[in-house]
Amino acid sequence: VFSEVPLIPGDALFALKSRYLKDTRAHKVDLGIGAYRDENGKPWILPSVKEAEKLLQQDPEFNHEYLPLNGFAPFVEAAAKVILGEDSSALKEERVASIQTLSGTGSLHLAARFIKTFYKQSETVYLSAPTWANHFPVFEVLGLKTATYSYWDDVNKSLDIENYLKDIENAPKGSIFVLHACAHNPTGLDPTRDQWIQILEAIKKNNHLPLFDSAYQGFASGNLQNDAWALQKGVEILESPILICQSFAKNAGVYGERTGAFHVVLPKNSNNTKAISSQLAAFTRSEFSNPPAYGAKVVAKILTVPELRIQWEKDLITMSQRIYKQRVALRDLLVQLDTPGNWDHIVNQQGMFSFTGLTKSQVARLETEHAIYLASNGRASVAGLNEHNVEHVAKSIDEAVRF
Ligand code: LMR
């Protein structure tokens, strides 16, 4: 029994992380997994989160009891508000069913199960080419099919909007489309507002089911409302239900606390949220009973205590501006070094990542020769750059490109 279980390669990103940890070279640089690092390359507990934790420690009512199956209600409610907007008509009209999830991946999993169980129009989930690697298995594991739509124009390092729209048009009506709400992973390239309108109109015309994956709200522009613009526009103009997978791992820096939510927004005049919530609760019960409490309690505080909310919004600016500064520093150094190629895309992309355009072999060389770790598709987590290592990274890229 079990002797036939085959060994499979480890997850590429987590394997990269463990190679980085084992590397004993003092000048090593981690540009792998998308996790924010401070100016010294260290994990950063957001000041707002530190304050929230203090409040929890001081609260005589704090305990480690089970949460309800739908999660910590103050968190779930505030999470829906921050993504849909304080004045959301969908929320006012009670057209939103929400549930706490195991961060973004757990939310996608629940979305996949919900689609598999209740969406009869299609079993094909369209993902951007390229997309976050885990998008494929998270849907496929539930028996859904995946396909890709055009996104990245490799030659011009820009959005291939023409083929993107064609692919929406050509997909069978009622297909499922996964859209990155902002700070596209891995390219760091988001559609402009005009392009978003074209995308949303095409989705509407073809009766597709949109799923917004929102893992970086506040990380792209530093502004929560800006980063939810496309999603909120979708809620305003689309006539289909909208699925939203929301993570607080990055924007609250609570990666390991697995804090997220799944929202089903129903179209105007539909009213089945209670039934949908009951099904989502039953899924949760059968899989992990009820969600983890600590991260949800922390995030509820930063979302709802006014002084902490102000601090959190400042923390988002601190993170997004530091990343932007490093983008500029890296681009400028590459220009100074006269490194072959154009590097402006590093500055034009936003969010945690830059899709550098480095080839697989250049990436491998950076790791073996220069102790710089990034994903093999050339994606660099810009958060791993700081003023102490950016020069080493620029010189190493220069060397690898010329090699
Ligand atoms: C990433 O893309 O690096 C992050 O979303 C971490 C992960 O789970 O892959």
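For clarity, every value in this text was computed on a predicted model and none was experimentally measured.

Thresholds, definitions, all that
- Residues numbered from 1 in each chain as written.
- Predicted model: local features only at pLDDT ≥ 70, side-chain atom pairs only at ≥ 80, totals over all residues.
- Near = placed C-beta within 6 Å.
- Domains from an automatic or database assignment.
- Contact = placed C-beta atoms within 7 Å.
- Nonpolar A, V, L, I, M, F, W, Y, C, P; charged D, E, K, R; others polar.
- pLDDT = per-residue confidence, 0-100.
- Axes fitted to C-alpha atoms, helices over the stretch in contact; angles between N-to-C directions.
- Helix = DSSP H or I, 4+ residues; strand = E, 2+ residues; numbered from the N terminus.
- Parallel < 35°, antiparallel > 145°, perpendicular 65-115°, else oblique.
- Core = buried A, V, L, I, M, F, W, Y, C linked by C-beta atoms within 7 Å.
- Buried ≥ 20, exposed ≤ 12 C-beta atoms within 10 Å, placed from the backbone.
- Expected span 1.5 Å × (residues − 1).
- Pairing = 2+ DSSP bridges.
- Right-handed = clockwise from strand over helix to strand, strands pointing away.
- Arc of directions from axis to C-beta.
- Left-handed = near helix turned anticlockwise from the far one by under 90°.

This part covers the site of the ligand. All residues in the neighbourhood of the ligand are listed as Leu13, Ile33, Gly34, Trp132, Asn134 and Asn185. Here the shell around the ligand spans two domains, since at least three of its residues come from each of domain 1 (12-45 + 310-402) and domain 2 (66-304).

The domain architecture assigned to the protein consists of domain 1 (12-45 + 310-402) and domain 2 (66-304). Here the C-alpha centre of domain 2 lies 27 Å away from the C-alpha centre of domain 1. Domain 1 puts 26 residues into the contact, and the matching count from domain 2 is 24 residues. Of the residues in the side of domain 1 that touches domain 2, the class split is 14 nonpolar, ten polar and two charged.

Here we take up the confidence of the model for the protein. Of all residues in the protein, 100% attain a pLDDT of 70 or more, and the chain-wide mean is 97. Two summary scores accompany this predicted model of the complex, namely pTM at 0.96 and ipTM at 0.92.

A few words on the packing of helix 2 (residues 47-58) against helix 13 (residues 306-336). Between helix 2 and helix 13, the shortest axis-to-axis distance is 8 Å and the interhelical angle comes to 150 degrees. What the angle tells us is that helix 2 and helix 13 run roughly antiparallel. Here Pro47, Ser48, Glu51 and Ala52 of helix 2 come into contact with helix 13, specifically with Leu308, Gln311, Trp312 and Asp315. Residue classes in the contact of helix 2 with helix 13 are distributed as four nonpolar, two polar and two charged.

Bringing the nonpolar core into the picture now. Core analysis: the biggest nonpolar cluster contains 111 residues, and Ala111, Leu211, Val299 and Ile302 have the highest contact counts within it. Both of domain 1 (12-45 + 310-402) and domain 2 (66-304) provide at least three residues apiece to this core. Those residues in contact with Ile302, other than ones at most four positions away along the chain, are Ser48, Val49, Ala52, Ala252, Leu308, Arg309 and Trp312.

On to helix 3 (residues 73-84). Look at helix 3: 16 Å from first C-alpha to last across twelve residues, which is about the 16 Å you get at 1.5 Å a residue. All of the buried residues along helix 3 are Phe75, Val76, Ala78, Ala79, Ala80, Val82, Ile83 and Leu84.

Bridge count for strand 3 (residues 124-129) against strand 4 (residues 145-150) is six bridges, and the pairing is parallel. Counted as the bridge partner of Ala129 is Ser150 from strand 4. In this region the chain leaves strand 3, passes through helix 6 (residues 135-140) and returns to the parallel neighbour strand 4; the handedness of that crossover is right-handed.

Examined against the element boundaries, Pro172 turns out to sit in the loop between helix 7 (161-170) and strand 7 (176-180). With 135 residues separating them in the primary sequence, Pro172 and Arg37 have C-alpha atoms 42 Å apart.

Once that is clear, we can look at helix 16 (residues 390-402). Along its 13 residues, helix 16 runs 18 Å from first to last C-alpha, staying within 8% of the 18 Å computed at 1.5 Å per residue. The complete set of buried residues in helix 16 reads Val390, Val393, Ala394, Ser396, Ile397, Ala400 and Val401. Each buried residue of helix 16 sits inside an arc of 165 degrees when the element is viewed along its axis, so together they form one side. Close packing links the buried residues of helix 16 with strand 1 (29-31), helix 13, helix 15 (360-370) and strand 12 (372-374).

In this section: the sheet that holds strand 7. Read from one edge to the other, the open sheet built from seven strands follows the order 2-10-9-8-7-3-4, with strand pairing classed as mixed. One side of each edge strand has no neighbouring strand; the edge strands of this open sheet are strand 2 (96-102) and strand 4. Taking the axes of each pair of neighbouring strands and ignoring which way they run, one obtains an average angle of 25 degrees across the sheet. As defined by bridge partners, strand 8 (residues 209-214) adjoins strand 9 (residues 242-247) across four bridges and the pair is classed as parallel. Across the sheet, residue Phe212 finds its bridge partner in strand 9, namely Ile244. Where helix 11 (residues 273-287) meets the sheet, its contacts fall on strand 2 and strand 10 (259-265), and the angle it forms with strand 2 comes to roughly 15 degrees.

Here we take up the packing of helix 2 against helix 12 (residues 294-304). For the pair helix 2 and helix 12, interaxial distance at closest approach is 9 Å and the crossing angle is 115 degrees. The angle between the axes of helix 2 and helix 12 places the two elements in the roughly perpendicular class. Crossing geometry of helix 2 relative to helix 12 is assigned as right-handed. For the pair helix 2 and helix 12, contact is made by Ser48, Val49, Ala52, Glu53, Leu55 and Leu56 and by Lys297, Val298, Lys301 and Ile302, respectively. Along the lines of polarity and charge, the residues of the contact of helix 2 with helix 12 split into six nonpolar, one polar and three charged.

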